[in-house]
Amino acid sequence: GENVGAELQAKQAQADLRQDFVSDAAVIYVENCALCHGAAGEGIGATPGLDSEGLRTADYDFLFKTIARGRYDTTMSAWHSEE
């Protein structure tokens, strides 16, 4: 009935939103990260690939700080607007 339709609509809205986030993230990656980390995150030269156990198991704060502040003594730039 009516609840099933509303549930399906809510699930579709969530799926659409998730797809929007993935699309936005892909654009940000291509514009800012791919030059050093490669189009598929494979790494280029001395720049490491992103498909590693360390990154797969890293917590949110570590990843956020790395991207926001960069990594000291590496070529990883800071990307936060305040850095």
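Residues numbered from 1 in each chain as written. Predicted model: local features only at pLDDT ≥ 70, side-chain atom pairs only at ≥ 80, totals over all residues. Heavy atoms only, no water.

Looking at this structure, I do not really get the overall build of the protein. What am I missing?
Helix and strand counts for the protein stand at 4 helices and 0 strands. The C-alpha radius of gyration computed for the protein amounts to 18 Å, which surpasses the reference 12 Å derived for 83 residues by more than 25%, pointing to a less compact arrangement than a globule. For the protein, the spread of C-alpha atoms along the principal axes amounts to about 60 × 25 × 25 Å. Buried residues in the protein amount to 12% of all 83 residues. At a minimum sequence separation of 6, the contacts of the protein that also span at least 24 residues come to 7%. When the accessible area of the protein is evaluated, it comes to approximately 7000 Å², of which 57% is carbon and sulfur surface. The average position of the 6 basic charges and that of the 14 acidic charges among the side chains of the protein differ by 7 Å. (Helix = DSSP H or I, 4+ residues; strand = E, 2+ residues; numbered from the N terminus. Rg over C-alpha atoms; globule rule 2.2 N^0.38 Å. Buried < 20%, exposed > 50% of the residue type's maximum accessible area, 1.4 Å probe, protein only. Contact = heavy atoms within 4.5 Å. Areas by Shrake-Rupley, 256 points an atom, 1.4 Å probe, with all protein chains shown as cover. Lys, Arg positive; Asp, Glu negative; His and termini not counted. Charge placed at Lys NZ, Arg CZ, Asp CG, Glu CD.)

Teacher, can you tell me more about unusual backbone geometry here?
Excluding glycine, residues mostly have negative phi values, and the peptide bonds linking residues are mostly trans. Positioned with a positive phi, Asp73 is a non-glycine residue whose angle comes to about 65°. Position of Asp73 relative to the elements: it lies in the segment after helix H4 (60-69).

Sorry, what's going on with the state of the cysteines here?
Defined simply, a disulfide is a covalent bond joining two cysteines at their sulfur atoms. According to the stated counting rule, one finds 0 disulfides in the structure shown. Counting only cysteine sulfurs, Cys36 is the nearest neighbor of Cys33, a cysteine outside any disulfide, at a range of 8.7 Å. (Disulfide = S-S within 2.5 Å.)

What is the right way to look at the pattern of salt bridges in this model?
A side chain of one charge can pair with a side chain of the opposite charge if their charged atoms are brought near each other. Taken as a whole, this structure holds 2 salt bridges when the rule is applied. We note a salt bridge from Arg56 to Asp51, for which the minimum N-O separation is 2.3 Å. Summarising the burial analysis for this pair, Arg56 and Asp51 share the class exposed. You can call Arg56 exposed: its relative accessible area is 52%. A single salt-bridge network, built from bridges that share partners, covers Asp51, Glu53 and Arg56. (Salt bridge = Lys/Arg side-chain N within 4 Å of Asp/Glu carboxyl O.)

What exactly am I supposed to notice about the side chain of His37 here?
Turning to its location among the elements, His37 is positioned in helix H2 (residues 34-37). On the basis of relative accessibility, which here comes to 13%, the residue His37 falls in the buried class. Not counting chain neighbours up to four residues away, the residues in contact with His37 comprise Tyr29, Glu42, Gly43, Ile44, Thr47, Pro48, Leu50 and Met76.

Help me understand the environment of Leu35 in this model?
Along the chain, Leu35 falls in helix H2. On the basis of relative accessibility, which here comes to 74%, the residue Leu35 falls in the exposed class. In sequence terms Leu35 and Thr47 are 12 residues apart; their C-alpha atoms lie 10.0 Å from each other.

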